[in-house]
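Descriptive structure summary
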Amino acid sequence: MGTDLIRLTAAEMAAVIASGETSAVEVTRAHLDRIAAVDARVHAFLQVDTEGALAAARSVDERRAAGELLGPLAGVPIAVKDVFTTKGLPTTCGSRILEGWRPPYDATVVRRLRDAGMVILGKTNMDEFAMGSSTENSAYGPTRNPWNLDRIPGGSSGGSSAAVASYQAPLGIGTDTGGSIRQPAAVCGIVGGKPTYGGVSRYGLVAFASSLDQAGPFARTVLDAALLHAAIAGHDPADTTSIDAPVPSVVEAARGADVAGLRVGVVKELGGEGYQPGVLRRFAEAIELLDSLGAKVTEVSCPHFGYALPAYYLIAPSECSSNLARFDAMRYGLRTGDDGTSSAEEVMAVTRAAGFGAEVKRRIMLGTYALSSGYYDAYYGSAQKVRTLISRDFQAAFEQVDVLVSPTTPTTAFPIGERVDDPMAMYLADLCTIPSNLAGNAALSLPCGLAPEDNLPVGLQVMAPVLGDDRPYRVAAALEAGYADRWGHPLLEEAPAL
Amino acid sequence: MAITRDEVAHLARLSRLALGDDELDHLAPQLDVIISSVARVQEVAAEDIPPTSHSVPLTNVFRPDERQPCLAPDEALAGAPAVEDGRFRVPRILEEE
Amino acid sequence: MTTSSAAEATSRKPRMTRMTPYDEAMGRYEPVLGLETHVELGTATKMFCGCPTTFGAPPNTHVCPVCLGLPGSLPTTNRAAIEFTTMIGLALNCRIAEWCRFARKNYFYPDMPKNFQISQYDEPLCTDGWMDLAADGKTFRIGIERVHLEEDTGKSLHVGSTGRIHGADYSLVDYNRAGIPLVEIVTKPIEATGALAPQVARAYVTELRELMRTLGVSDVRMEEGSLRCDVNVSLMPRGASEWGTRSETKNVNSLRSVERAVRHEIERQAGVLDAGGTVVQETRHFHEDTGTTTAGRSKEYAQDYRYFPEPDLVPLAPSPEWVEQLRVSLPELPSARRERLQKEWGLSDSEMDALRNADALDVVEATVAAGAPPAQAYKWWLNELSRRATEQGVELATLPITPVQVARVAELVAAGTLNDKLARQVIEGVLAGEGDPDEVVRRRNLAIVSDEGELAALVDAAIADNPDVAEKVRGGKVQAAGALLGAVMKASSGQADAQRARELILEKLGVPS
């Protein structure tokens, strides 16, 4: 029963709980058992909240028994990236500097999950402060890709993507600043969505780059992702950058799954040289499939996308250098070097040097440089202009087509350790995903097969205009159905057993 | 060379990072490569292009001037490395800004 | 003990050139001033969160994840703070930006929870205004460079043998103040004040304080640190056209200190220049006890605040309608009000200054509104009550007498029921809590005696007791009647109707009045 339960989709789990066929507690136990069985090898979780999860599940069962009408995901377990504050539950952001910190408040996303009756299993591993594309930058050790334990699960939300791909949770929450949901979804063979910037509250999301960060769902099916998206999205007065407009009807779009007549643009600048052949092959197949489903596919040029990566590596570090200044050993978290004679200034510097990992330090210094007087205009200022150009490229493209598509990442999951001390190579993993963060538009990644050369998942990215979040779900659901017809089973079933 | 080792040391101070010589030796060339590479943004950042700081163009989002609950004192101080008399205890402070 | 504190005082005094006496300095140099004033706004809640702004709460009880800068928290802008700042800008004749952003000012300091301050940088909400003020009978127009909004920091308590930041063993931080909205008002360079520079600086801050109170945007309690001033001073040789190097004296926190700090910096800088030295551009600290400034700890490298637009807050774009709505809602501004009242009341400039210095404008206005002639209202508040307030060391407005009561006293005087001497006794009675003026008159039996029979008896007695004087009057020395009147007043404890008594004296002695 347990094994069967964990392989259900989130929608199915919610249905069997709602019908009384099983209980939320049973579903939760099945996932806690799975975690106990496999996570020593995967290392998706930094913290498993067994008691909290069971208490939440019991509460759902009790409320159901009392005749309360509960939401569409009530009783369904979820894995939450450790970048969201959880009241009383350790929140580390994958960093030593926050070791042991228990926030006195819940992030809005976390509160919405609780309000929806969802069961938070625990907090998942991540690249420290969400900086990275492999989850190797976690201070608590890397997470492994369930498809191949020697490979990275993507990042920075690699813990959540690996948890969902290894059936430790049907759903996961990640954050995407430059691709940190879509890239791990792609390399783990699952669905991951980055909502429109401002679509999901950032309150309680520990900031990496405030103008780019956005929370979003991981799931094994497009519908599950849409259900989770709908559960967490919507205006929050605590986040002034949150959009005060109705949430796009993503669930209906996922159920609609119809692309007949839809105009699909293939981004000329995202593909070709430097991309793994198997990735390009699966991408080409996806285009053919869309065509066969009635979509009108054309090629679209976004001439400034080539400048997205350098712009991102100026804007994100600049914001991070400021956002991470608060980790200074004065009010919470780690304090080292306080020998009673050192000054506050010295203790700050010593603690930060000890508490931050190499990538975080690199980015803090890069950002400090880009914002320095004398360099601001040349670096940060120019990057902000590129941001304008990228947005204009998107606007022009969306005048011609309804959605844009590209590979999600240039390669499949690379071996752990391969790029860890080669930042420029690591940064390339986000080549295709970054433009949507700079422009703030909606995007999603879904599995489109395995690359023949390494048998690892390939992701397809679907991008839509700001507040057009329903469109990627519609396209993804149509493709998912098309692939199910072709393959006869979900892609994840091809993953080796753990 | 886009950035010297001395400049990197200065950045470390400005960033409040007490980095050892080894770390500086390792970081300086990496930052040099990254900075040289990202400098490409200048190629297209023409004078007449307005910068974008916020991707979604909202303005005038305000909160009414109404009180909200504060943290309880023990909650406020719970995470502090050191506390004395209801205050955060911090090492001696060098200078006033 | 004495030795050590004296040694400490000397050690704080920089070993350097002598100061040049003020008048001498002013003979050779022309000062240029700049004032940066920070005012805590009187909103109910903080700039970016819903914590209260009230002063004096136990440490760290007015804090939340936002103002403690906890990871994940986000700021939300207090609408009232934006409105207050806009009102200040309008009152200072500024241009209100159509679109502007908050910026992050990045520097590390333990009292700043996020290690950046949300402020405004190159896009302030209000720019390019002015304010007129008078000092020593001359009018000065002070240019306003900008008015912007930022958040305050927490407060540190330095623990150690010295109790100061220097030599402290450690510090204790309270973040109750962190995040209180702070308006920064920056003047353009103030030139051509000559020797009046210290007074102009003081008059400017005084006027600003009055403006804040009138607008109702801050109660400006300087003793609680809700108005803090940074004073920039530079000197240039008379006749020169290029400004000298300026010093910036931080945290000058009383009106008197503003004046003293400017004066001291002029004397100090003149001393440096006279000795052939150069003034260093630096931050200095003002010491209330000695009235002097000392150099701050020199920085090894220039501050680099790495300002950039605050990504967590969306831009401000006050619509013309909104600004207009605020403009029409502005109360009458202090300068306009003073001008109007001075005209209405027929006061001289110096009387008006006295009124302002005594902080008596509001009570006099209320007394006039209650029916008293302006001259009477002025007289009682400024001469009688102001003296008592000073004696007791309290604010004039806090004396236990109301403008309505003062107006009634004035009315009784005008009606002839009281003379000035009796009126003073009535006021004394009111202040002593004996009730309203009428009640005090009744209880103390203070009304003027104007009954003909009673007066006649008093006059007769006076004549009988002073036959020599009476004879002189009869002989034509009318001035001598004063002595008889004095006797009448004395016998009646000052309550006799003096005018009628005089008439009766002359009548009875057969002298035509």
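One structure accompanies this document, and this report is about it. Just so it is clear, the structure is predicted and the values come from calculations on it, not from any experiment.

**Comments concerning the overall build of chain A**
Each helix and strand in chain A was counted, giving 17 helices and eleven strands. For a compact globule of 498 residues, the expected C-alpha radius of gyration is about 23 Å, and chain A comes in at 21 Å, within 12% of that figure. By residue count, 67% of the 498 residues in chain A fall in the buried class. A sequence separation of at least 24 residues applies to 77% of the contacts in chain A between residues at least 6 apart.

**Comments concerning the overall build of chain B**
A tally of regular secondary structure across chain B gives three helices and three strands. Secondary structure of chain B in N-to-C order comes out as α-α-β-α-β-β. Oriented by its inertia axes, the alpha-carbon framework of chain B measures out at about 50 × 45 × 25 Å. Here chain B holds 97 residues, and 33% of them are scored as buried.

**Points about unusual backbone geometry**
The linkage connecting Gly155(A) with the following residue, Ser156(A), adopts the cis geometry, with an omega of 5 degrees. Among the secondary structure elements, Ser156(A) is positioned in the loop between β3 (119–124) and α6 (158–165). For Tyr167(A), which is not glycine, the phi torsion reads 60 degrees and is therefore positive. Checked against the element boundaries, Tyr167(A) lands in the loop between α6 and β4 (171–175). With 23 C-beta atoms packed within 10 Å, Tyr167(A) lands in the buried category. Phi angles above zero are rare outside glycine, and Arg306(C) is one such case at about 45 degrees. Here Arg306(C) lies in the loop between β14 (292–295) and β15 (308–309).

**Here we look at the interface of chain B and chain C**
Taken residue by residue, the interface counts 33 residues in chain B and 45 residues in chain C. Those elements that place two or more of their residues in the side of chain B that touches chain C are β1 (62–63), α3 (73–77) and β3 (87–91) of chain B. With five residues, the top contributor of residues to the side of chain B that touches chain C is β3(B). Residue composition of the side of chain B that touches chain C, grouped by class: 14 nonpolar, six polar and 13 charged. Sheet topology places β1(B) next to strand β2 (residues 77–78) of chain C; two bridges connect them, and they run parallel. When the sheet's bridge partners are listed, Arg63(B) is paired in β2(C) with Asn78(C).

**With respect to the interface of chain A and chain B**
Interface size is commonly expressed as the accessible surface area that is lost when the partners come together. On the chain B side, the residues contacting the 59 residues of chain A number 45 residues. Elements supplying a minimum of two residues to the side of chain A that touches chain B: α11 (308–323), α12 (344–355), α13 (358–371), α14 (377–400), α15 (423–427) and α16 (434–439) of chain A. Sort the elements by how many residues they give to the side of chain A that touches chain B and α14(A) lands first, with eleven residues. Class assignment of the residues belonging to the side of chain A that touches chain B gives a composition of 32 nonpolar, 16 polar and eleven charged.

Criteria and cut-off values
Residues numbered from 1 in each chain as written. Chains lettered and ligands numbered in written order. Predicted model: local features only at pLDDT ≥ 70, side-chain atom pairs only at ≥ 80, totals over all residues. Helix = DSSP H or I, 4+ residues; strand = E, 2+ residues; numbered from the N terminus. Rg over C-alpha atoms; globule rule 2.2 N^0.38 Å. Buried ≥ 20, exposed ≤ 12 C-beta atoms within 10 Å, placed from the backbone. Contact = placed C-beta atoms within 7 Å. Nonpolar A, V, L, I, M, F, W, Y, C, P; charged D, E, K, R; others polar. Pairing = 2+ DSSP bridges.

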